[in-house]
Amino acid sequence: MREYTVAEVSRMAGVSARTLHHYDAIGLLKPARVTRAGYRLYSDASLRRLQSILLFRELEFPLKQIAAMLDSPGFDPQEALGQQIRLLELRAAHTQKLIGLARRLQQGGTELMEFGAFDKSELKAYAQEARERWGGTAAYREYEERQKAAPAGGQNEANRRLMALLAELGALRDEGPACEAAQSKVAELQSFITAHYYTCTDEIMLGLGEMYTADERMRRNIDATGGEGTAEFAQKAIAAYCRARRG
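Per chain, the residues get numbers from 1 upward, laid out in the order the sequence is written. Given that this is a predicted model, residues contribute local features only at a pLDDT of at least 70 and side-chain atom pairs are listed and counted only at 80 or more, while totals for whole chains, interfaces and linings are drawn from all residues. Excluding hydrogens and water, the side-chain values take into account all heavy atoms of the structure.

Turning our attention to the nonpolar core. Here the nonpolar core consists of buried residues drawn from Ala, Val, Leu, Ile, Met, Phe, Trp, Tyr and Cys, with membership extended through side-chain atoms lying within 4.5 Å. Burial classes: relative accessible area under 20% of the type maximum marks a residue as buried, over 50% as exposed, and values in between as partly exposed (1.4 Å probe, protein chains only). In this structure, Leu189, Ile193, Met205, Leu208 and Tyr212 are the most contacted members of the largest nonpolar core, which totals 28 residues. The secondary structure listing takes helices from DSSP runs of H or I that are at least 4 residues long and strands from runs of E that are at least 2 residues long, numbered from the N terminus. Counting residues per element, the ones that place at least two in this core are α8 (154-170), α9 (180-196), α10 (202-214) and α12 (230-246). For this core, the element with the most residues is α12, which contributes seven residues. Counting residues in hydrophobic clusters, the runner-up holds 23 residues, among them Val9, Leu59, Met69 and Leu87.

Structure, rendered in structure tokens:
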């Protein structure tokens, strides 16, 4: 698997090394790994995520909202790309209207008064729809509120315990994802997420399980904690748990 240094990513994407370091610091774009010497290395999956980030940035989405959207359990890259294309088309149409107005002013004199070209209501409405689709869920708002109320260091401890629970689940992979012990551990995991992050419905739980394998960075972190195959086993155990709950 090809890996890219900060300098290479900076050159390819046209963003500064300082920006990449900032994205890492706020958890928006973590490197695939960090060498013992402290060098950040990025994978192809990292670059795909960066591409999504930069598209949303071009559309003037705040970094916090971009992170919320990309990390949403139900985030669909293809659907999001369709939204980005539509937003870019709306912005291009808005720019063309402004260019047309400027040319008419140039030709007809500055006394001409037209204000329709400044209307951004459709663009704003569609952008809001995208924000609500990925980053405006009740679960995310609940998570934000809990983050604010959490004591210093409390969230780090919750994150540590969450990874420990996933490792404990992974330790059961020889027994099969539908075994009683694995299903009990998934129930414990769901209760823990509800207690420390947001109300984890079965639908959200299923989405999280899928993300554990679909998101390369998350898969790697989970496997690093619980051993190779932990993320895939967790996804299968969660899927079995949610199927059983649906009856």
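Read on for the rest.
Right, let's get into helix α2 (residues 17-25). Among the residues of α2, those classed as buried are Leu20, Tyr23 and Asp24. The arc that holds the buried residues of α2, viewed along the axis, is 100 degrees, so those residues lie on one side. The exposed set on the far side of α2, more than 90 degrees from its buried face, consists of Arg18 and Ala25. On its buried face, α2 is in contact with α1 (6-13), β3 (40-42), α3 (44-58) and α4 (63-70). Our arc is simply the arc of the directions from the helix axis toward the C-beta atoms. What makes two residues a contact is simply this: any of their non-hydrogen atoms within 4.5 Å.

Turning our eyes to something else, we now look at the packing of α3 against helix α5 (residues 77-108). Across the interface, α3 lies against α5 with an axial gap of 10 Å and an inter-helix angle of 30 degrees. Here α3 is positioned roughly parallel relative to α5, judged by the angle of their axes. In this structure, α3 crosses over α5, and the sense of that crossing is left-handed. Residues Ser52, Leu55, Phe56 and Glu58 of α3 lie in contact with α5, whose contacting residues are Ala80, Leu81, Gln84, Leu88 and Arg91. Amino acids outside the nonpolar list (Ala, Val, Leu, Ile, Met, Phe, Trp, Tyr, Cys, Pro) and the charged list (Asp, Glu, Lys, Arg) are all regarded as polar, and Gly is one of them. Residue classes in the contact of α3 with α5 are distributed as five nonpolar, two polar and two charged. Lines fitted to C-alpha atoms define the axes, with helix axes restricted to the stretch in contact, and inter-axis angles between N-to-C directions lie between 0 and 180 degrees. Working definition: roughly parallel below 35 degrees, roughly antiparallel above 145 degrees, roughly perpendicular at 65 to 115 degrees, and oblique for all remaining angles. By convention the crossing between two helices is left-handed if the near helix lies anticlockwise of the far one by an angle smaller than a right angle, and right-handed if it lies clockwise.

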